[in-house]
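# Structural overview for review
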Amino acid sequence: MKILVTGGTGFIGSHTVVELLNAGHEVVIIDNLYNSKADVVEKIRKITGKEVAFYKKDCCDEDALEEIFSHHKIDAAIHFAGYKAVGESVKLPLKYYENNLMSTLALCKIMAAHNCKKLVFSSSATVYGGNNVAPYTEDMPLGPTTNPYGSTKLMIEQILTDLHTADEEWDVVLLRYFNPIGAHESGLLGESPNDIPNNLMPYIVKVANKELPILHVYGNDYDTPDGTGVRDYIHVVDLAKGHVNAVQKTVEHIGVEAYNLGTGKGSSVLDVVNTFARVNDIEVPYQIDPRRPGDIATCYASTEKAEKELGWKAEKNLEEMCKDSWHFLQMEKQK
């Protein structure tokens with residue numbers, strides 16, 4: 001299949017492109033490089049030994065999408081393009097609603113015009129809101145979301161569901177991610193945010209590398225084994241492989257289906273910090289700060305549906321996630 005990957009030079013997108021190419025698919029990337037770097041394309045080629053078409057364009061731009069679909073016979077799309085920082089979304093909600101919703105609407109409009117109706121959407125466990133109890137299952141009630149970022153994911157899931165209701169030819173897979181970390185084993189691809197990190201692992205890495213003085217751990221009074229928040233951390237390569245299976249699923253006539261992509265077990269913030277320090281033999285100084293508004297104590301996935309229907313299961317453990325994250329930084333420093 002020839003697959004369009006929006007946001008394909010980003011953290012999850014780039015790893016997914018590698019796995020798609022390794023699985024024998026052709027890939028076209030559209031990315032405006034808002035939170036990624038152009039050299040990722042060459043790294044993808046180096047890892048896979050295969051060519052990938054790249055368009056430095058914005059996914060909100062219908063003319064850019066039309067150009068791609070006019071030049072390539074796209075069979076399916078994976079939609080990653082979107083802003084993803086929870087804290088920033090609270091401060092700049094209009095920016096998030098405009099970009100995340102408009103990019104999706106533009107993509108679906110051009111896909112429909114070219115009779116391409118197979119779509120895998122990069123959703124999030126944030127759609128489950130703060131009232132459900134882990135492990136989260138796909139049939140749980142959704143929302144209310146706790147931030148504008150999560151609200152855009154929930155709205156887009158509804159948009160895509162409505163799209164299928166209006167036109168049953170659409171086949172949509174909603175992939176609800178938990179907490180992707182890690183990096184490609186080559187050390188060429190990893191999480192490299194352009195600004196101050198919003199997620200735990202890149203922040204740990206920058207503290208370990210003395211780029212930042214200390215790690216802030218928000219809250220140690222939750223009802224968890226060590227008092228810090230528990231999340232389902234999944235290796236980004238495992239996550240990427242889930243997308244390959246999801247694309248294959250759209251070949252069947254499935255309508256709209258949601259799947260959790262996680263490991264099915266939780267690790268606390270201090271579990272991650274201590275594991276990173278141990279496997280990489282390096283200190284990660286941290287301090288305990290007050291809880292952040294909207295954070296919940298425990299969040300991890302039920303992965304039974306993905307295992308049964310996608311034939312997918314996470315394989316890598318927390319030690320590998322921590323080793324690969326640090327290895328990526330070491331490779332970046334050698335440039």
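Source: prediction; values computed, not measured.

## Some remarks on the layout of surface pockets
Put simply, the second largest pocket is a space of about 230 Å³. Lining the second largest pocket are 16 residues, with Glu191, Ser192, Val205, Phe328 and Leu329 sitting closest to its centre. Secondary structure elements with two or more residues in the lining of the second largest pocket: helix 7 (200–208) and helix 11 (318–333). Split into classes, the residues belonging to the lining of the second largest pocket amount to eight nonpolar, four polar and four charged.

## Here we look at the packing of aromatic side chains
Summed over the entire model, instances satisfying the criterion amount to five aromatic pairs. Aromatic pair Tyr128 and Tyr136: ring centres 5.0 Å apart, planes at 55 degrees, arrangement tilted. As far as burial versus exposure is concerned, Tyr128 and Tyr136 are alike and both buried. Between Tyr136 and Phe178 the ring centres are 6.3 Å apart and the planes differ by 50 degrees, which places this aromatic pair in the tilted class. Here Phe178 lies in the loop between strand 6 (171–177) and strand 7 (179–181) and Tyr136 lies in the loop between strand 5 (118–124) and helix 6 (148–166), a separation of 42 residues in the sequence. Relative accessible area serves as the criterion here: at 1%, Tyr136 is assigned to the buried category. Given the relative accessible area of 8%, Phe178 is considered buried. Grouping aromatic residues by their ring pairs yields a cluster made of Tyr34, Tyr83 and Tyr96. Over the face of the ring belonging to Tyr83 we find Lys95, whose NZ or CZ atom lies 4.9 Å from the ring centre.

## Some words on the state of the cysteines
Tallied over the entire structure, the rule returns zero disulfides. Unpaired in terms of disulfides, Cys59 finds its nearest cysteine sulfur in Cys60, a separation of 6.6 Å.

Reading guide: rules and limits
Residues numbered from 1 in each chain as written. Predicted model: local features only at pLDDT ≥ 70, side-chain atom pairs only at ≥ 80, totals over all residues. Heavy atoms only, no water. 1 Å grid on protein atoms, 1.4 Å probe; cavity = no way out; pocket = protein on both sides within 12 Å on 5 of 7 lines; lining within 4 Å. Points joined across faces, edges and corners; volume = space filled by probe spheres on them. Helix = DSSP H or I, 4+ residues; strand = E, 2+ residues; numbered from the N terminus. Nonpolar A, V, L, I, M, F, W, Y, C, P; charged D, E, K, R; others polar. Phe/Tyr/Trp six-rings, centres within 6.5 Å; stacked < 30°, edge-to-face > 60°. Buried < 20%, exposed > 50% of the residue type's maximum accessible area, 1.4 Å probe, protein only. Lys NZ or Arg CZ within 6 Å of the ring centre and 35° of its normal. Disulfide = S-S within 2.5 Å.

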